[in-house]
Amino acid sequence: MGRPRTNDAAVRERLVACATEMFATRPQESVSVRALATAAGTSTAAVYTLFQGKDGLIREVRDQAVAGLFQDLTAVPDAESALEDLYALAAAYRRWGREHRHLYTVLFGGAQSFVPSARVGDRDPVRPLVAAVDRAVAGRILAGDTTLIAVSLWVALHGLVTLELAGGLSGTAAETAFRSTIDAVLRGWATPTAFSGIRRTHPAP
């Protein structure tokens, strides 16, 4: 009879969950393989067997965060206008960050940061945003370099979400800041004819 498998899917899930929380709340160098294994109720050998060590576990946490954010943003249905697409994507990004605070922290400022670049991969979380910006530029709603516009919008969103997760913004103040900040960024890139139409008149989802 073969030896029972101890490093199974359940152990893998526990390690990823514990690593996500620990890397989001502590400096990467302070988290040891032993601490990860203890938190997950398993052995250090499991970390090496399943992930080839701490770096492999970090990559898995990051990959899951990337996949989750990409899935939520690509699930946003296309609107009639590129401008509405951008507002909907911004709201979806904010919602994902608030609902997955540990993953968000790991992805955008924890163990391994994600940095938007000029080269966007097929499953890059900013790809839907870049596509919507492309559409807005083609429709003469926004004017400028697509990558620069997308990155400026991401920077604003990241700042808003980070402040919310840290408790610096909440309630009505957070809603107002979200609407006014996204308006301001889009107006900054708007063509003269589109400028006056960029204004939210109802609460963000």
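Visitor: When you look at the nonpolar core in this model, what are you seeing that I'm missing?
Guide: The tendency in soluble globular proteins is for nonpolar side chains to be buried side by side. Among the nonpolar cores identified, the biggest contains 67 residues, and Leu15, Leu86, Tyr93, Leu142, Ile182 and Leu186 are the most heavily contacted of them. In terms of residue count, helix 5 (residues 82-99) provides more of this core than any other element does, 10 residues in total. Leave out the neighbours within four places in its chain, and leucine 15 touches Leu36, Ala37, Ala40, Thr42, Ala46, Val47, Leu50, Phe51 and Leu57.

Visitor: Mind showing me how you'd approach the pattern of salt bridges here?
Guide: By the definition in use, this model includes six salt bridges. Note that glutamate 60 is salt-bridged to arginine 12, the shortest N-O span being 3.4 Å. Residue glutamate 60 is found in helix 4 (residues 54-74), and its partner arginine 12 is found in helix 1 (residues 9-25); the two are separated by 48 residues along the sequence. Since its relative accessible area comes to 19%, glutamate 60 is described here as buried. By relative accessible area, which is 29% here, arginine 12 ends up partly exposed. Arginine 62 is paired through a salt bridge with aspartate 63; the nearest N and O atoms lie 4.0 Å apart. Each of Arg94, Arg98, Glu164 and Glu175 takes part in a single network of salt bridges with overlapping partners.

Visitor: Mind showing me how you'd approach the packing of aromatic side chains here?
Guide: The way to describe two aromatic rings as a pair is by their centre distance and the angle between their planes. Counting across every chain of the model gives one aromatic pair. Arranged with centres 5.8 Å apart and planes meeting at 85°, the rings of tyrosine 93 and tyrosine 104 form a pair that is edge-to-face. Placement of the pair is tyrosine 93 in helix 5 and tyrosine 104 in helix 6 (residues 101-107), with a sequence separation of 11 residues. Per residue, the accessibility class of tyrosine 93 equals that of tyrosine 104, and both read buried. The ring of phenylalanine 178 carries the charged tip of arginine 94 above its face, separated from the ring centre by 4.9 Å.

Visitor: Teacher, can you tell me more about the side chain of glutamate 60 here?
Guide: Here arginine 12 takes part through its side chain, which lies 3.4 Å from a polar atom of the side chain of glutamate 60. For glutamate 60, the contacting residues outside a window of four places in its chain are Arg12, Val16 and Phe51.

Visitor: What should I look at first to understand the packing of helix 8 (residues 146-165) against helix 9 (residues 171-189) in this one?
Guide: Angle between the axes and distance between the axes: these two values describe a pair of packed helices. In the contact formed by helix 8 and helix 9, the axes pass within 10 Å of each other and the chain directions differ by 165°. Relative to helix 9, the element helix 8 is oriented roughly antiparallel. For helix 8 against helix 9, the interelement crossing comes out right-handed. On helix 9, the residues that touch Leu148, Ile149, Ser152, Leu153, Ala156, Leu157, Leu160 and Glu164 of helix 8 are Ala174, Ala177, Phe178, Thr181, Ile182, Val185 and Trp189. Of the residues that constitute the contact of helix 8 with helix 9, the class distribution is 12 nonpolar, two polar and one charged.

Basis of the calculations
- Residues numbered from 1 in each chain as written.
- Predicted model: local features only at pLDDT ≥ 70, side-chain atom pairs only at ≥ 80, totals over all residues.
- Heavy atoms only, no water.
- Core = buried A, V, L, I, M, F, W, Y, C linked by side-chain atoms within 4.5 Å.
- Buried < 20%, exposed > 50% of the residue type's maximum accessible area, 1.4 Å probe, protein only.
- Helix = DSSP H or I, 4+ residues; strand = E, 2+ residues; numbered from the N terminus.
- Contact = heavy atoms within 4.5 Å.
- Salt bridge = Lys/Arg side-chain N within 4 Å of Asp/Glu carboxyl O.
- Phe/Tyr/Trp six-rings, centres within 6.5 Å; stacked < 30°, edge-to-face > 60°.
- Lys NZ or Arg CZ within 6 Å of the ring centre and 35° of its normal.
- Polar contact = N/O pair within 3.5 Å; in protein donor to acceptor, adjacent residues only side chain to side chain.
- Axes fitted to C-alpha atoms, helices over the stretch in contact; angles between N-to-C directions.
- Parallel < 35°, antiparallel > 145°, perpendicular 65-115°, else oblique.
- Left-handed = near helix turned anticlockwise from the far one by under 90°.
- Nonpolar A, V, L, I, M, F, W, Y, C, P; charged D, E, K, R; others polar.

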